[in-house]
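An overview of the molecular structure
Below are the chains, spelled out letter by letter.
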Amino acid sequence: MPKFPGIRGFFLDEVPLLRQSSRGVRGVSIPDCGLKKTGLKKDEGAYINKKFIRKDPPNLPEVSEPSVVRHFTRLSSWNMCVDSVFYPLGSCTMKYNPKINEKIAGLENIKNIHPETPSFLIQPLLKIIHDFNCILCELTGLAEFSFAPQAGAAGEFAGLKIIKKYFDMKGKNRKKILVPDSSHGTNPASSVLAGFTPVEIKTGNAGTLAAEALEKYISKDVAGIMITNPNTFGIFEKDIRKISDIMHKNGSFVYMDGANFNAFLGNARVSDMGIDIIQLNLHKTFSTPHGGGGPGSGAIGVVESLKEYLPVPYVKAVIKSGANVKSGVVDNGHIKQDIKGAIKAKGLKSGSGLFYVTAADKKYTIGRMAPFLCSFAVLVRAYAYLLSLGKNNIGSVSEIAVLNANYVKKKLAKILQGSDPFEEGLCMHECVFNDKAIEESGVSTLELAKLLIDYGFHPPTVYFPKNIHGAIMIEPTETESIRTIDSFIKAVEEIKFKVKKSRAVKSPQKTKIGRVNEVLANKKPVFKY
Ligand SMILES: *Cc1c(COP(=O)(O)O)cnc(C)c1O
């Protein structure tokens, strides 16, 4: 009988730091530096408009070091997180993030590097960016990646901007982007932002886009298709190759939303599916903590013919030739192969003759997307993650992720009878249920989600995708054990068969804060204490 993790523990009260402040209290005391104190000199004051010079000291909290540590440690216990609970939030890939990634990203020589440091002082770091690019090319079969976009949706935007620029350069006015209704919600939004008109394609009951269904949408003003694969039902688009061929025949591009790359990482290459552009959410598949709106990385990869459109700056490898590193520049092409060839031609030992520089020489670049090169710490974590797995084990990530999701799908289908819209087939990294069975027990999708919190589980994604009634979308990821998953399934079973409506409407009850008004903060934001 699995035991639920539960969430009984300390729920300490906490007052804002400002209210804990006492005049003169200091977190750290440093010895007097012996320099004379000077105020603002008269002529210095002349440069600043008088009304901007403050008369009183700023109202900052004055607190001791233990107060600060306790404040934030106590606050952190109020939240559910991947390090404390199972987090089956569909389409978000909330896998456990190995601590080795943090350790590497936190090394002094990595975290303290100023972004303006000259290339010759940070060669190993530029090599990380360069080599990681090569690895992603190998995993996808594409020609080159850019790390400029800082989120998945930013990657989509960049990819569509590339398509836009391509047609603009050719003087062609292709306005439409086809978007199946099984795509992620960001897809039509990115299309609009990039200046296109999204055209929705209904996928019907099978959950996938049939190549035949595509034909009637094809015309000369279609710039491309944006397809999420696996789609938001967690199902692989099995016609993907045919779809790509149809698009290419029409002179259109195939953009794949690759946020769900963890479904086939190391087992299938998107180049074989005919994909021209993809974004990979490094913060999802490659295990960087995410969810709080912090830095991410929506790396975009493109085929050979679109390389010159990628954002700048980027890292390129050049062949070192005496002191003049500029000579013998390798055409930044598919970096790995070119360099291999160039090294061979020059009779150099691998690695020994390479120098890494940042460059902005892309002929048709869509421009800059980030203040500097990339979210470097995210990239380091992703790189550490891949290296710690090793080439031979990378494929097991997607194998176990898919196995876990299908285990959940089959087991829950027995409990939530008649609620699996795709009962016959297999899913990829996540599975979706409708609310038929739980509604019969008198529990709504929202209540199921809230009740699960009391059992010690983060709620799954709910009411998405929109075309599944009362959707419950579960992504267990590969990092969860069968023990954890069994206990989650047991909790759903208990909720379905044992929990009364009167209890359900009041859930969660064991948390610090119970049912919140989910729209109030958006509609009436309060920005002060
Ligand atoms: C998460 C996700 C996105 C958006 O990625 P962000 O990094 O949140 O911008 C886009 N598409 C799919 C399928 C996703 O799962």
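Above this text you will find the structure in question.
An account of the accompanying structure is given in this report. Predicted model, so just to flag it, every value in this text is computed and none were measured.

With that settled, consider the packing of helix 6 (residues 152-169) against helix 7 (residues 186-193). Contact geometry of helix 6 with helix 7 gives a least axis separation of 9 Å together with a crossing angle of 45 degrees. In terms of orientation, helix 6 and helix 7 fall into the oblique class. Helix-helix and strand crossings are classified by hand; for helix 6 and helix 7 the assignment is right-handed. Contacts between helix 6 and helix 7 involve Ala 153, Glu 156, Phe 157 and Leu 160 on the former and, on the latter, Thr 186, Asn 187, Ser 190, Ser 191 and Leu 193.

One pass over the full model with this rule turns up 16 aromatic pairs. Taking 6.3 Å as the distance between ring centres and 90 degrees as the angle between the ring planes, the aromatic pair formed by Phe 86 and Phe 457 counts as edge-to-face. Residue Phe 86 is found in the loop between helix 2 (65-76) and helix 3 (99-105), and its partner Phe 457 is found in the loop between helix 15 (445-455) and strand 11 (461-462); the two are separated by 371 residues along the sequence. Of the two residues, Phe 86 and Phe 457, both sit in the buried class. Taking relative accessible area as the criterion, Phe 457 reaches 1% and is therefore assigned buried. The rings of Phe 132, Phe 147, Phe 236, Phe 261, Phe 264, Phe 286 and Tyr 383 are connected pair by pair, giving a single aromatic cluster. Positioned over the ring face of Phe 196 is Lys 164, at 5.9 Å from the centre of the ring.

Take a nonpolar patch on the surface next. Taken together, Tyr 47, Ile 48 and Phe 52 make up a surface patch of nonpolar side chains, about 420 Å² in accessible area. Its place among the elements puts Tyr 47 in the loop between helix 1 (42-45) and helix 2. For Tyr 47, a relative accessible area of 75% translates into the label exposed.

For the rest of this paragraph, the subject is the pattern of salt bridges. Across all of its chains, the model carries 23 salt bridges by this definition. Lys 95 is the partner of Glu 478 in a salt bridge, and the nearest nitrogen-oxygen pair spans 2.9 Å. One end of the pair, Glu 478, is in the loop between strand 12 (472-474) and helix 16 (482-498); the other, Lys 95, is in the loop between helix 2 and helix 3, with 383 residues separating them in the sequence. An identical accessibility class is assigned to Glu 478 and Lys 95; each is buried. The closest approach of N and O atoms between Glu 138 and Lys 391, which form a salt bridge, is 3.1 Å. With a gap of 253 residues between them, Glu 138 in helix 5 (residues 123-140) and Lys 391 in the loop between helix 12 (376-389) and helix 13 (394-415) connect regions that are remote in the sequence. A relative accessible area of 67% places Lys 391 in the exposed class. When salt bridges with common partners are traced through the structure, they connect Arg 23, Arg 26 and Glu 62 into a single cluster.

Formed by 81 residues in total, the largest nonpolar core has its most connected members in Leu 136, Phe 147, Leu 282 and Phe 286. Structurally, this core is a two-domain feature, drawing no fewer than three residues from each of domain 2 (142-311 + 362-388) and domain 3 (394-523). The residues touching Phe 286, leaving out its near neighbours within four places in the chain, are Leu 136, Leu 139, Phe 261, Leu 265, Leu 280, Asn 281, Arg 381, Ala 382, Tyr 385 and Leu 386. Membership of the second largest hydrophobic core comes to 29 residues, among which are Val 408, Ile 415, Ala 437 and Val 492.

Looking now at the sheet that holds strand 11. Sheet architecture is open: three strands sit in the order 10-12-11, paired in antiparallel fashion. Only two strands of the sheet have a single neighbouring strand rather than two, namely strand 10 (431-433) and strand 11. Across the sheet, helix 13 is in contact with strand 10 and strand 12; its angle to strand 10 comes to roughly 20 degrees.

A few words on the environment of Ser 305. By the secondary structure assignment, Ser 305 is in the loop between strand 7 (298-302) and strand 8 (314-319). With 93 residues separating them along the chain, Ser 305 and Glu 212 place their C-alpha atoms 28 Å apart.

Procedures and definitions
- Residues numbered from 1 in each chain as written.
- Predicted model: local features only at pLDDT ≥ 70, side-chain atom pairs only at ≥ 80, totals over all residues.
- Heavy atoms only, no water.
- Axes fitted to C-alpha atoms, helices over the stretch in contact; angles between N-to-C directions.
- Helix = DSSP H or I, 4+ residues; strand = E, 2+ residues; numbered from the N terminus.
- Parallel < 35°, antiparallel > 145°, perpendicular 65-115°, else oblique.
- Left-handed = near helix turned anticlockwise from the far one by under 90°.
- Contact = heavy atoms within 4.5 Å.
- Phe/Tyr/Trp six-rings, centres within 6.5 Å; stacked < 30°, edge-to-face > 60°.
- Buried < 20%, exposed > 50% of the residue type's maximum accessible area, 1.4 Å probe, protein only.
- Lys NZ or Arg CZ within 6 Å of the ring centre and 35° of its normal.
- Patch = residues over 30% accessible without salt bridge, like charges linked within 9 Å, V, L, I, M, F, W, Y side chains within 5 Å.
- Areas by Shrake-Rupley, 256 points an atom, 1.4 Å probe, with all protein chains shown as cover.
- Salt bridge = Lys/Arg side-chain N within 4 Å of Asp/Glu carboxyl O.
- Core = buried A, V, L, I, M, F, W, Y, C linked by side-chain atoms within 4.5 Å.
- Domains from an automatic or database assignment.
- Pairing = 2+ DSSP bridges.

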